[in-house]
Every structure is written in C-alpha cells, then in structure tokens.
Amino acid sequence: MRWGLIPSWAKDISIGTQTLNARSETVTTKPAFRESILRKRCLIPADGFYEWQKMGSVKQPYCFEVGEGEVFALAGLWDEWTSPDGEIVESCTILTTTPNSLIADMHDRMPVIVPPDKYDLWLDPDVTDFEAIRDILKPYDASLMRRYPVSRKLNNSRIDDAEAASPVTLDTPTQGQLF
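Every chain is numbered on its own, with residues counted from 1 as its sequence reads. The predicted origin of the model limits local features to residues at a pLDDT of at least 70 and limits the giving and counting of side-chain atom pairs to 80 or more, whereas totals for whole chains, interfaces and linings rest on all residues. To get the side-chain values, take all heavy atoms of the structure and skip hydrogens and water.

S.K.: Hey, could you go over the side chain of Gln 53 for me, with residue numbers and the actual values?
M.R.: Secondary structure elements are taken from DSSP: a helix is a run of H or I of four residues or more, a strand is a run of E of two residues or more, and numbering for both begins at the N terminus. Note on placement: Gln 53 falls in strand 4 (residues 49-55). Contact definition: two residues touch when any of their heavy atoms are within 4.5 Å. Ignoring anything within four residues of it in the chain, the contact list for Gln 53 reads Val 58, Lys 59, Gln 60, Tyr 62, Asp 105 and Met 106.

Shown next, in the form of structure tokens:
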C-alpha cells in the first residue's frame, strides 16, 4: 500500500502528502478519515519506530520498540482510490495519539500501538461504532516498551545499512574539576 491515505472521493493523488498520519482525537471529524475509521481499519506491522531529539546542534535518533524488539502492530486506516485513467491505488495512514512517558520528552505524538488482544476487534468490519474501538486509540503502556539511541547515519538516505539502526553509546560530556 501507498503511505498517505487517498480517500476514494479525492480529485487527485496529491492529498496523500497531507494524510500520512491521522490524529486519533479528530479521526471521526476529518473528511479524509471518517469513513475509513468505521469501515477500513488495518494493522501495520512494525518492529520499531524512530524519533529524533535535539542535542545541541545535532539531532539524535532513538529507536522505540515493544518488549525486546518483538513485531507489533500500528493502528492504520486504508482506502482505495481510482485515478482518472482507471488505475486503482490502495493507500493507508497511521493513527497517532498523545505520547506515553517514554516518548513525551522527545515528541508530542506517538503512533497508536494495538495490543494483540485487540487485533480482532480493530479489524472487524462489522464493528462500525467508534465507541467500541475508542479505547484502542490511547497511548501504549510505556512499561512494555524500550528506547535506545541509534547512529545518526540512520537519517541519511544514501546509507542502506542495518548497522545504522543498531544501538549506540552516546558520548556523555564530563564535568571538569571545579576546585
């Protein structure tokens, strides 16, 4: 699927650049998402996601994982759009929510992580009452997650190396002797 939801009613594909993420707090009121939240929910598998923390003049990337790096599912929405020449484009977006305590010092949003025991409910096309799924859209339990710094090479699109996503040790400045 293409990332950036293109609603079936869109005039052109460009709306997808504005719909990469969907705020869970407003998903029922935004035209691009309000039909999909009720009828076209999906799970997007992941084994981590990244946020950057400004440290002086540089941005340090951190990896966020569930457990010890297990695969988990992000809450997603999808839709199918047909271009004027008949091409069918399937697209999706990731739902976000307020951050948990592990992420809050780096970012004011986090992806919605769906607990495994809620997969069936989230995916059930017969569940069209938003209240039945609202509780899934809360921040994931921080105690079930971990974070660690990774190489700043991660942000360089010319480097395609798994090592860039491996944990690194940050240099911590030492304070000189005061007296």
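S.K.: Can you explain the layout of surface pockets? Please cite residues and give values.
M.R.: In this analysis a 1.4 Å probe is tested at points of a 1 Å grid over the protein atoms alone, and where it fits but cannot get out there is a cavity; an open set with protein on both sides within 12 Å along at least five of seven lines is a pocket; lining residues have an atom within 4 Å of a point. Grid points are joined across faces, edges and corners, and a volume is the space filled by probe spheres set on the points. There is about 280 Å³ of room inside the largest pocket. Listed by contribution, the elements that provide at least two residues to the lining of the largest pocket are strand 4, strand 7 (88-97) and strand 8 (110-111). Its residues placed into classes, the lining of the largest pocket shows nine nonpolar, three polar and two charged. Each residue is assigned to one class: nonpolar for Ala, Val, Leu, Ile, Met, Phe, Trp, Tyr, Cys and Pro, charged for Asp, Glu, Lys and Arg, and polar for all the others, Gly among them.

S.K.: Lay out the packing of aromatic side chains in plain terms, naming residues and giving numbers.
M.R.: For Phe, Tyr and Trp, rings pair up if their centres lie within 6.5 Å, where Trp contributes its six-membered ring, and each pair is then called stacked (planes under 30 degrees apart), edge-to-face (over 60) or tilted (otherwise). Enumeration over the complete set of coordinates arrives at two aromatic pairs. Ring centres of Tyr 50 and Trp 52 lie 6.5 Å apart, and the angle between their planes is 50°; this geometry places the pair in the tilted category.

S.K.: Residues and numbers for the nonpolar core, please.
M.R.: The term nonpolar core refers to a set of buried residues drawn from Ala, Val, Leu, Ile, Met, Phe, Trp, Tyr and Cys, joined through side-chain atoms within 4.5 Å. Only protein chains enter the calculation, and the probe is 1.4 Å; a residue is then buried if its accessible area is under 20% of its type maximum, exposed if over 50%, and partly exposed in between. In terms of nonpolar packing, the biggest core is built from 19 residues, with Phe 49, Phe 64, Phe 72, Leu 74, Ile 103, Ile 113 and Met 145 touching the most fellow members. Ignoring sequence-local partners within four residues, the contact set of Phe 64 consists of Gly 48, Phe 49, Glu 51, Leu 102, Ile 103, Met 106, Met 145, Arg 146 and Arg 147.

S.K.: Describe the environment of Asp 129, and please don't skip the residues or the numbers.
M.R.: Summarising the element assignment, Asp 129 is placed in the loop between helix 2 (119-123) and helix 3 (130-133). A relative accessible area of 47% means that Asp 129 is categorised as partly exposed. The sequence separation of Asp 129 and Ile 37 amounts to 92 residues, and the corresponding C-alpha distance is 9.5 Å.

S.K.: Give me the side chain of Arg 109: which residues, what numbers.
M.R.: Mapping Arg 109 onto the fold places it in the loop between strand 7 and strand 8. Here Arg 109 falls in the buried class, since its relative accessible area comes to 8%. Nitrogen and oxygen atoms within 3.5 Å of one another constitute a polar contact, given that in protein one can donate a hydrogen and the other can accept it, and given that sequence-neighbouring residues count only through two side-chain atoms. Looking at Arg 109, its side chain comes within polar contact range of the side chain of Glu 25, at 2.8 Å. In this structure Arg 109 touches Arg 23, Ser 24, Glu 25, Glu 51, Thr 96, Thr 97, Thr 98, Pro 99 and Ile 103, once residues within four positions along its chain are discounted.

S.K.: Could you give an account of the state of the cysteines, with specific residues and numbers?
M.R.: Whenever a pair of cysteine sulfur atoms sits within 2.5 Å, that pair is classed as a disulfide. Scanning all chains against the criterion turns up zero disulfides. The thiol sulfur of Cys 42 is not disulfide-bonded, and the nearest other cysteine sulfur, from Cys 92, lies at 5.6 Å. The exposure class assigned to Cys 42 is buried, which follows from its relative accessible area of 13%. In this structure Cys 63 is a free cysteine whose sulfur lies 20 Å from that of Cys 92, the closest cysteine sulfur available. A relative accessible area of 3% places Cys 63 in the buried class.

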